[in-house]
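Here are the chains, one letter per residue:
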Amino acid sequence: MTRYGAPDDDMPDTFPLPPSGPQPFDERDLDSLLAGGADVPASLRPVADTLKALQAAPSADELRGEAAARAWFRSPVPEVPAARRTHR
């Protein structure tokens, strides 16, 4: 035990270094990704697909209820909608 009441080897004083070696992508790949380029490495493909989906126009399903939500937020004292009961 040390003067702090814990063994010296209980918690390390340093953090392990991240693995070294070639990175799966570089700065040019990230620039291409942000520019919407199609030549991104496979490791960045999920990110590219997500960015593309976020740039797309919303579907009708995503906009359903938008007018009511905007009106609720604009009202001076929003009324809490009554809870709908479900029958079992």
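Residues numbered from 1 in each chain as written. Predicted model: local features only at pLDDT ≥ 70, side-chain atom pairs only at ≥ 80, totals over all residues. Heavy atoms only, no water.

Chemist: Describe in detail the packing of aromatic side chains, supporting the description with residues and values.
Modeler: Under the criterion given, the structure shown has one aromatic pair. On the numbers, 4.9 Å between centres and 80° between planes, the contact of Trp-72 with Phe-73 is edge-to-face. Relative accessible area serves as the criterion here: at 63%, Phe-73 is assigned to the exposed category. (Phe/Tyr/Trp six-rings, centres within 6.5 Å; stacked < 30°, edge-to-face > 60°. Buried < 20%, exposed > 50% of the residue type's maximum accessible area, 1.4 Å probe, protein only.)

Chemist: If you had to explain the pattern of salt bridges to someone new, which residues and values would you point to?
Modeler: Per the stated rule, a full pass over the model turns up four salt bridges. Among the ionic pairs, Asp-26 bridges to Arg-28, the shortest N-O distance being 2.8 Å. Residue Arg-28 is classed as exposed on the basis of its relative accessible area of 65%. The closest approach of N and O atoms between Asp-49 and Arg-45, which form a salt bridge, is 3.6 Å. You can see Asp-49 and its partner Arg-45 sitting in helix 2 (residues 45-55), four residues apart, about one turn around the helix. (Salt bridge = Lys/Arg side-chain N within 4 Å of Asp/Glu carboxyl O. Helix = DSSP H or I, 4+ residues; strand = E, 2+ residues; numbered from the N terminus.)

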